[in-house]
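# Descriptive structure summary
Read off the chains here:
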Amino acid sequence: MLERHPFSIGIVYQLSLTPMKKLFFSIIICLFSVAAFSQKVYDFNTTCRAAYNEIIKLKIDSGKQLIVKARLQNPNNLIPDLLEGYIDFFVLFFNEDPAEYSIRKPNFDKRLDAFNDGPDNSPFYRYCVALTYIQRAAVKIKFGERYSAGWDFKKANSYIKDNKSKFPSFQPNNMIYGPLEVVIGTVPSGYKWVTSLFGMKGSINEGMQLMRNFINSNDSYAKLFANEAIFYYSYLMFYIENKPEEVFRLIQLKKLDLVNNHLFAYLAANLAINSKQTDYALNVLQARNTSAEYMPTAAWDFELGYIKLHQLQLDEAIQHFQKFIDTFKGSFYVKDVLQKLSWAYYLKGNKAEAERYRLLTIRNGKTESDADKTAYREAKKIVWPNETLLRARILNDGGYQKEALAVLAGKTANDFTKPEEALEYVYRMGRIYDDMGKDDEAIKFYQSAIKLGKDRPEYYAARAAVQIGFIYEKRNQKSLAIASYEQCLDMGDHEYKDSLDQRAKSGIARCKGE
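My aim in this report is to walk through the structure given alongside it, one point at a time.

### A short note on the nonpolar core
Within the largest apolar cluster, 118 residues are counted, with the highest numbers of intra-cluster contacts made by Phe44, Leu83, Tyr86, Phe90, Tyr127 and Phe225. Take this core: its biggest share by element is eleven residues, from helix 7 (residues 123-142). Counting 40 residues, the second-largest nonpolar core is a separate cluster that includes Leu389, Tyr400, Ile443 and Phe470.

Below, the structure is given as structure tokens:
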């Protein structure tokens, strides 16, 4: 006697069928089997994990090969689509090639369609959709499509919030939701239309706590995505929480591979340059694996150009900046780099080349970034910077404070007849003393900068207010810190307004515990 289960029932039923009916029944069974086999799935299997780890290192070609392997293993697995999204994102975000954009842009919609055809009862469905919208939004900003990018951020926020509600224990949610909370909570005035239009709210503290929990979690997916999460977290901690020292402690604590992971090499070098650790940045770039298996990008010449400029090694700076201009296909930071080329030639005494690059600064590139806006404004002035102040500025930006102070030795604000030069002098002295840890001296010069420049278009007064806020916040004098940050926000249109306003808003939120 046969046991009662679906297969036994089918066998009993077939025993009583005619040959034609048996054939028909077999066809139906086969069709159901094919349909079951062809169902889409989200399977982050061993091959997909290996592909992801290669892509996150920016080893794009080996990642592609593993994606092909994963598709052969299961053509209905949707995780390879997600992995291809990372490739499109990195290629477009770092290199900004319009020709590549025209080719790869339709891929985002194709992936969204593929995810929508998959099972919606998987926590990966909404997660993949949200991540795709975020990646596309970031790329759109690079190509000047700000309004459309705002809609994509809104959609990403909606999908990941929905996923957190439906799958609260799915840890990767927090790798997306955490940064969105932070960024939305500190949107600068230039992008405020996004949050006001879509009713989006955020919280720095809540978002950062989600990220901290995620990177320290023992969850299997948290471990898989740990490197990516640390990359996001480091930038948020650096720019939003204003904790550069903790970023570099984290890099050391987590033993990040700065040699064989180019994403980490970029992270460490970029943040080192922006925290005036020029020598550290140079060591990172010189030690990185330069094998051809990594994604080529002009970003390395951009970083090396700044390193050499800060060291006043002008010929090498020119070499790297020029290579960036010759190979970079995008527009972000083009004006900024052309201005730095103009400066380098100016300091070398080659006024003809300096003038040529000043004119190129006006004509080439766009003004999407604050750095490009400032370069354009300064180039339009047709007034060359004071050479002494320029050398001091470059050395100060590179972290060479004693050398910068030596350049300005014996000078006072009265030695500079132009108002903008007197303003720059007091601001620069404030920054040098600030970077040397001499807070009281720094505050005095910063206050002079605010007095001289609060109604001027240069960024010095606004940045001075932010720096005073940092000092008071460090001293736990939060009411004074908030007053300084608000002073920055109250200043009208000036250079770097978006980024400085974001820093001021982040500072206020930190002081208020928001």
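### With respect to the packing of helix 7 against helix 8 (residues 146-166)
Here helix 7 crosses helix 8 at 160°, and the two axes come no closer than 8 Å. The orientation of helix 7 relative to helix 8 falls into the category roughly antiparallel. Regarding helix 7 and helix 8, the two cross each other, and that crossing is left-handed.

### Re helix 6 (residues 98-116)
Taking 1.5 Å per residue, 19 residues should reach 27 Å; helix 6 reaches 28 Å between its end C-alpha atoms and fits that length. Largest kink in helix 6: about 30°, centred on Arg104, with the proline Pro106 one to four residues after it. Of the residues making up helix 6, those classed as buried are Tyr101, Arg104, Phe108, Arg111, Leu112, Ala114 and Phe115. Against the buried residues of helix 6 lie helix 5 (79-95) and helix 7.

### Concerning the packing of aromatic side chains
All told, the structure shown has 45 aromatic pairs when counted by the stated rule. Judged by centre distance (5.5 Å) and plane angle (75°), the rings of Tyr52 and Tyr86 are edge-to-face. Of this pair, Tyr52 sits in helix 3 (residues 46-56) while Tyr86 sits in helix 5; the two residues are 34 residues apart in sequence, bridging distant segments of the chain. The exposure class of Tyr52 is buried, given its relative accessible area of 2%. A centroid spacing of 5.2 Å and a plane angle of 85° characterise the contact between Phe94 and Tyr266, whose relative ring orientation is edge-to-face. Placement of the pair is Phe94 in helix 5 and Tyr266 in helix 15 (residues 262-274), with a sequence separation of 172 residues. Like Tyr266, Phe94 is buried. Geometry around Phe108 places Arg111 over its ring, the cationic atom sitting 5.1 Å from the centre. The ring of Phe93 has Lys142 sitting right over it, with the charged end atom 4.5 Å from the ring centre.

### What about the side chain of Arg510?
Relative to the helices and strands, Arg510 is located in helix 28 (residues 497-512). Within the local environment of Arg510, its side chain forms a polar contact with the side chain of Glu473, the two groups lying 2.7 Å apart. Excluding its chain neighbours within four sequence positions, the residues that come into contact with Arg510 are Ile240, Glu241, Asn242, Phe470, Glu473 and Tyr485.

### Overview of the environment of Tyr125
Mapped onto the secondary structure, Tyr125 falls in helix 7. Residue Tyr125 is classed as buried on the basis of its relative accessible area, which comes to 10%. Between the C-alpha atom of Tyr125 and that of Val41, which follows or precedes it by 84 residues, the distance is 9.4 Å. When residues no more than four places from it in sequence are discounted, the contact partners of Tyr125 are Tyr42, Phe115, Asn116, Pro119, Asp120 and Tyr159.

### Quick notes on the pattern of salt bridges
Considering all chains together, one arrives at 35 salt bridges under this definition. With a closest N to O distance of 3.7 Å, Lys57 and Glu54 form a salt bridge. The partly exposed category is assigned to Lys57, whose relative accessible area is 28%. We note a salt bridge from Asp440 to Arg475, for which the minimum N-O separation is 2.8 Å. With Asp440 in helix 25 (residues 439-453) and Arg475 in the loop between helix 26 (460-474) and helix 27 (478-490), the pair connects residues that are 35 residues apart, well separated along the chain.

Cut-off values and rules
- Residues numbered from 1 in each chain as written.
- Predicted model: local features only at pLDDT ≥ 70, side-chain atom pairs only at ≥ 80, totals over all residues.
- Heavy atoms only, no water.
- Core = buried A, V, L, I, M, F, W, Y, C linked by side-chain atoms within 4.5 Å.
- Buried < 20%, exposed > 50% of the residue type's maximum accessible area, 1.4 Å probe, protein only.
- Helix = DSSP H or I, 4+ residues; strand = E, 2+ residues; numbered from the N terminus.
- Axes fitted to C-alpha atoms, helices over the stretch in contact; angles between N-to-C directions.
- Parallel < 35°, antiparallel > 145°, perpendicular 65-115°, else oblique.
- Left-handed = near helix turned anticlockwise from the far one by under 90°.
- Expected span 1.5 Å × (residues − 1).
- Bend = angle between axes of the 7 residues up to and from the residue.
- Contact = heavy atoms within 4.5 Å.
- Phe/Tyr/Trp six-rings, centres within 6.5 Å; stacked < 30°, edge-to-face > 60°.
- Lys NZ or Arg CZ within 6 Å of the ring centre and 35° of its normal.
- Polar contact = N/O pair within 3.5 Å; in protein donor to acceptor, adjacent residues only side chain to side chain.
- Salt bridge = Lys/Arg side-chain N within 4 Å of Asp/Glu carboxyl O.

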